[in-house]
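Examining the three-dimensional arrangement
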Amino acid sequence: MSVLVFVDHAQGTFKKNAFEAINYAAKTAEKTGGDVVAVVLGSASDSELATLGNYGATQILHCNDTRLDHFCAKAYTKAVVAAVNQSGATVIVVSANNNGKAVAPMVAAQLKAGIVAGAVDYPNTTNGFSIKKSVFSGKAFAHVNINSDKKVISLTPNTFAVAAVGGTASVQALSVDFADTDFGVKFVSEDVVKGEVPLSEAERVVSGGRGLKGPENWGILEDLAKAMNATLACSRPVADAHWRPHHEHVGQTGGTIRPNLYVAVGISGAIQHLAGVNSSKTIVVINKDADAPFFKAADYGVVGDAFEILPKLTEAVNKAKG
Ligand SMILES: Cc1cc2nc3c(=O)[nH]c(=O)nc-3n(C[C@H](O)[C@H](O)[C@H](O)COP(=O)(O)OP(=O)(O)OC[C@H]3O[C@@H](n4cnc5c(N)ncnc54)[C@H](O)[C@@H]3O)c2cc1C
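What counts as what
- Residues numbered from 1 in each chain as written.
- Predicted model: local features only at pLDDT ≥ 70, side-chain atom pairs only at ≥ 80, totals over all residues.
- Heavy atoms only, no water.
- Near = heavy atom within 4 Å.
- Polar contact = N/O pair within 3.5 Å; in protein donor to acceptor, adjacent residues only side chain to side chain.
- Areas by Shrake-Rupley, 256 points an atom, 1.4 Å probe, with all protein chains shown as cover.
- 1 Å grid on protein atoms, 1.4 Å probe; cavity = no way out; pocket = protein on both sides within 12 Å on 5 of 7 lines; lining within 4 Å.
- Sits in = over half its atoms within 2 Å of the grid points.
- Helix = DSSP H or I, 4+ residues; strand = E, 2+ residues; numbered from the N terminus.
- Nonpolar A, V, L, I, M, F, W, Y, C, P; charged D, E, K, R; others polar.
- Points joined across faces, edges and corners; volume = space filled by probe spheres on them.
- Domains from an automatic or database assignment.
- Buried area = accessible area lost by both parts, 1.4 Å probe.
- Salt bridge = Lys/Arg side-chain N within 4 Å of Asp/Glu carboxyl O.
- Expected span 1.5 Å × (residues − 1).
- Buried < 20%, exposed > 50% of the residue type's maximum accessible area, 1.4 Å probe, protein only.
- Pairing = 2+ DSSP bridges.
- Axes fitted to C-alpha atoms, helices over the stretch in contact; angles between N-to-C directions.
- Contact = heavy atoms within 4.5 Å.
- Parallel < 35°, antiparallel > 145°, perpendicular 65-115°, else oblique.
- Left-handed = near helix turned anticlockwise from the far one by under 90°.
- Right-handed = clockwise from strand over helix to strand, strands pointing away.

**Observations regarding the site of the ligand**
In the region of the ligand, 26 residues are neighbours, and R210, S235, S268, Q272 and N287 sit closest. A distance of 2.6 Å is found between an oxygen atom of the ligand and a side-chain nitrogen or oxygen belonging to S235. Burial of the ligand by the protein amounts to 77% of the accessible area it has alone, namely 980 Å². If you map the ligand onto the pockets, it falls in the second largest pocket. At the level of elements, helix 6 (236–240), helix 7 (271–277) and helix 9 (306–321) are the ones that each hand at least two residues to the shell around the ligand. Taken together, the residues of the shell around the ligand break down into six nonpolar, 14 polar and six charged.

Laid out in structure tokens, this is it:
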């Protein structure tokens, strides 16, 4: 039972989510047996493809077609299904990032496969093929058994630790018989945020909520983030009110992150916010309300006014750095 993993890349560069999905596929293949086949769509260099072996891929199927350089759900689905057929894989792993969330259910439908969307653990194969996923915005877990021959798993991103395993992978061409109608989406333009560690990759995150009162007050949060070499995030109402850009919004309807350190300032800790951040290794909460729900999820908490605490904290961090 080979395991096929669809790996996403940004202009030919693989990111943490790709390595996480390959690690997951390799752990799954230890239980099911068979190869770990990574499918890569669009332009990617040989040296970049070679990095995938280091995370557990044993084979790479590369569809080196420039029409796939920009995401198109229909064409990507066709290519992943072709890769499943070429490799004979029975388990298909996808990271549930924006592209993965679009492709996974379409692939499952075409293969008539059962799907678990948003897995948070490895498959349990002791009695069938059961996978744990979180439900009700992280309030509960469900263990879902997949009975179909082919099985699709999409992973909640940033849930599993990423580790290099030091292997190598052979590369084979994947040829797909595309029709023009497979490319129903026309790429127009892309706005790439430069100069910051993306939230999905950040080891340290400083995040602000409505408690900061308005966008004009973000300077004190930016100062702390700069001192800590951290990436900025925010709660959803902050992004909805256009105080901050939407790519900074974390939670159930925003990004899912797993930094080593998450500092939440003026955020109440609603369950929908926690759904995106509660896998962080260490959580620090600064809130003036001692009963704010976020303190229940915190490793360290400061009850107090953010406007007094943040400048002092930034000064202390800068002093400690010397
Ligand atoms: C379907 C659905 C999906 C959602 N998805 C998301 C999501 O993905 N992400 C998300 O964040 N939310 C999401 N929400 C919204 C969520 O329920 C909360 O409303 C939101 O997280 C609250 O944001 P907040 O904590 O910034 O604001 P508030 O709830 O208004 O909390 C502000 C906090 O700041 C504190 N505070 C005030 N002044 C200060 C001060 N001077 N110093 C220190 N602390 C202070 C207050 O005590 C309070 O705890 C979703 C809701 C729904 C229904």
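**Focus: the layout of surface pockets**
Space inside the second largest pocket adds up to approximately 250 Å³. Lining the second largest pocket are 16 residues, and of these S235, R236, P237, S268 and A270 sit closest to its centre. Of the residues that constitute the lining of the second largest pocket, the class distribution is four nonpolar, ten polar and two charged.

**Re the domain arrangement of the protein**
Per the domain assignment, the segments making up the protein are domain 1 (3–182) and domain 2 (199–321). In this structure, domain 1 and domain 2 have C-alpha centres spaced 32 Å apart. In total, about 910 Å² of surface goes out of reach between domain 1 and domain 2, with carbon and sulfur atoms giving 46% of it. The largest per-residue losses of area from domain 1 upon contact with domain 2 belong to K16, S137 and N158, which jointly make up 58% of the total buried on that side. Put simply, domain 1 and domain 2 have zero salt bridges between them. Viewed at the interface, domain 2 and domain 1 are joined by four residue pairs in polar contact (both at pLDDT 80 or more). Residue composition of the side of domain 1 that touches domain 2, grouped by class: three nonpolar, four polar and three charged.

**Things to note about helix 1 (residues 16–32)**
Between the first and last C-alpha of helix 1 there are 24 Å, a value that for 17 residues agrees with the 24 Å anticipated at 1.5 Å per step. Within helix 1, 13 of the 17 residues are buried, which leaves the element mostly enclosed by the surrounding structure. Just past helix 1, the residue G33 takes up positive phi, approximately 80°.

**A word on the sheet that holds strand 12 (residues 204–208)**
Taken in spatial order, the five strands make up an open sheet running 13-12-14-15-16, and their pairing is parallel. The open sheet has two free edges, formed respectively by strand 13 (231–234) and strand 16 (300–303), since each of these has just one partner strand. Within the sheet, the average angular offset between the axes of one strand and its neighbour, ignoring direction, is 15°. In this fold helix 5 (residues 218–228) packs onto strand 12, strand 13 and strand 14 (261–265), with an angle of close to 175° to the strand it touches most, strand 12. The strands touched by helix 9 are strand 14, strand 15 (282–287) and strand 16; relative to strand 15, the strand with the most contacts, the crossing angle is about 130°.

**Details of the packing of helix 5 against helix 9**
Relative orientation of the contacting elements helix 5 and helix 9 amounts to 20°, with a least axis distance of 9 Å. For the element pair helix 5 / helix 9, the angle class is roughly parallel. Pair helix 5 / helix 9 crosses with left-handed handedness. Residues I220, L221, D223, L224, K226, A227 and M228 of helix 5 form the contact with helix 9, whose own contacting residues are A306, F307, L310, P311, L313, T314, V317, N318 and K321.

**Concerning the pairing of strand 13**
Here strand 13 shows two buried faces, one formed by T231 and A233 and the other by L232 and C234. Where strand 12 meets strand 13, four bridges bridge the pair, whose relative direction is parallel. Among the inter-strand pairings, V206 is bridged to a residue of strand 13, identified as L232. Handedness of the crossover joining strand 12 and strand 13 through helix 5: right-handed.

**Quick word on the packing of helix 3 (residues 73–87) against helix 4 (residues 98–111)**
Between helix 3 and helix 4, the shortest axis-to-axis distance is 9 Å and the interhelical angle comes to 50°. With respect to helix 4, the element helix 3 is oriented oblique. When you trace helix 3 past helix 4, the crossing you get is right-handed. Judged by residue contacts, A73, K74, Y76, T77, V80, V81 and V84 of helix 3 engage A102, V103, M106, V107, Q110 and L111 from helix 4.

**Thoughts on the pattern of salt bridges**
Applying the stated rule across the entire model yields five salt bridges. The partner of R236 in a salt bridge is D240, with the nearest N and O atoms 3.2 Å apart. Of this pair, R236 and D240 both sit in helix 6, four residues apart, which is roughly one turn of that helix. For R236, a relative accessible area of 42% translates into the label partly exposed. In this structure D240 comes out as partly exposed when scored by relative accessible area, which is 39%. For E248, the salt bridge identified is with R244, shortest N-O distance 2.9 Å. For the pair E248 and R244, one class covers both residues: buried. Here the salt bridges do not stand alone but share partners, grouping E222, R244 and E248 into one network.

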